[in-house]
Amino acid sequence: MLAFNDLSYPPLARNGGHGKIGFPVPDGADSVMLPAVPGETRDLPGGAYVVARNRASGSYSAPGYLPPCSGGKGNTYNAVVTARDASGTPLAEGRITLGRY
């Protein structure tokens, strides 16, 4: 699962403020390539699915994840990657810096 966050905007800075996307991993796979996913929709490719919609409000509220969108303010974004077993128990976690937008 990937939880997307805007570290520069406290209401969306943690726990998937910009949304959470799940990706299936085949049994026994050591790695997997994740497909690019569109924002603001539940219609995702490659078996990906919305775990939690973004927490934005007003015109930015959407059913899926909200891509980086600070309007050129230079906000910093990251994604927290969590590997889970078939029962949903977390196995490992890491963070990826997505950049400033």
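Look a little higher up for the structure.
In this report, we go over the structure that sits alongside the text. (Residues numbered from 1 in each chain as written. Predicted model: local features only at pLDDT ≥ 70, side-chain atom pairs only at ≥ 80, totals over all residues. Heavy atoms only, no water.)

Description of the overall build of the protein
- Per the secondary structure count, the protein includes zero helices and five strands.
- Ordering the α and β elements of the protein from the N terminus gives β-β-β-β-β.
- Computed over the C-alpha atoms, the radius of gyration of the protein is 14 Å, within 12% of the 13 Å expected from 2.2 N^0.38 for a compact globule of 101 residues.
- Structurally, the protein occupies a C-alpha span of about 40 × 25 × 20 Å along its principal axes. (Helix = DSSP H or I, 4+ residues; strand = E, 2+ residues; numbered from the N terminus. Rg over C-alpha atoms; globule rule 2.2 N^0.38 Å.)

Points about the nonpolar core
- In terms of nonpolar packing, the biggest core is built from 10 residues, these being Leu 2, Phe 4, Ile 21, Phe 23, Val 37, Leu 44, Ala 48, Val 50, Tyr 65 and Ala 79.
- Excluding its chain neighbours within four sequence positions, the residues that come into contact with Val 50 are Lys 20, Ile 21, Thr 41, Arg 42, Leu 44, Pro 63 and Gly 64. (Core = buried A, V, L, I, M, F, W, Y, C linked by side-chain atoms within 4.5 Å. Buried < 20%, exposed > 50% of the residue type's maximum accessible area, 1.4 Å probe, protein only. Contact = heavy atoms within 4.5 Å.)

Examining the environment of Asn 5
- Position of Asn 5 relative to the elements: it lies in strand 1 (residues 2-6).
- Asn 5 gets classed as buried once you look at its relative accessible area, which sits at 3%.
- If we ignore the near neighbours within four places in the chain, the residues touching Asn 5 are Leu 12, Ala 13, Arg 14, Asn 15, Gly 16, Gly 17, His 18, Thr 76, Tyr 77, Asn 78 and Val 80.
- Among the polar contacts made by the side chain of Asn 5, one reaches the main-chain amide nitrogen of Arg 14 at a distance of 3.4 Å. (Polar contact = N/O pair within 3.5 Å; in protein donor to acceptor, adjacent residues only side chain to side chain.)

Let's talk about the packing of aromatic side chains
- Counting across every chain of the model gives two aromatic pairs.
- Each ring, one from Phe 4 and one from Tyr 65, has its centre 4.6 Å from the other, and the planes form 35°; the classification is tilted. Residue Phe 4 is located in strand 1, and its partner Tyr 65 is located in the loop between strand 3 (49-52) and strand 4 (76-84); the two are separated by 61 residues in the primary sequence. Summarising the burial analysis for this pair, Phe 4 and Tyr 65 share the class buried. (Phe/Tyr/Trp six-rings, centres within 6.5 Å; stacked < 30°, edge-to-face > 60°.)

Looking at the sheet that holds strand 4
- If you trace the five strands from one edge of the open sheet to the other, you get 3-2-1-4-5, paired in antiparallel fashion. Only two strands of the sheet have a single neighbouring strand rather than two, namely strand 3 and strand 5 (90-100). Direction aside, the axes of adjacent strands within the sheet are offset by 25° on average.
- In terms of strand pairing, strand 1 meets strand 2 (residues 20-22) through two bridges, oriented antiparallel. (Pairing = 2+ DSSP bridges. Axes fitted to C-alpha atoms, helices over the stretch in contact; angles between N-to-C directions.)

Some remarks on the layout of surface pockets
- There is about 570 Å³ of room inside the largest pocket.
- Considering the residues around the largest pocket, the lining is formed by 24 residues, among which Met 1, Phe 23, Val 25, Ala 83 and Arg 84 are closest to the centre.
- Residue assignment for the lining of the largest pocket shows that the elements contributing at least two residues are strand 3 and strand 4.
- Broken down by element, the lining of the largest pocket gets its largest block of residues, four residues, from strand 4.
- Taken together, the residues of the lining of the largest pocket sort by class into 15 nonpolar, five polar and four charged.
- Each pocket or cavity is described by its volume, and for the second largest pocket that value is around 290 Å³.
- If you go around the second largest pocket, you meet 16 residues; those closest to its centre are Asp 6, Tyr 9, Leu 12, Tyr 60 and Cys 69.
- Here the lining of the second largest pocket is built from residues that sort into eight nonpolar, five polar and three charged. (1 Å grid on protein atoms, 1.4 Å probe; cavity = no way out; pocket = protein on both sides within 12 Å on 5 of 7 lines; lining within 4 Å. Points joined across faces, edges and corners; volume = space filled by probe spheres on them. Nonpolar A, V, L, I, M, F, W, Y, C, P; charged D, E, K, R; others polar.)

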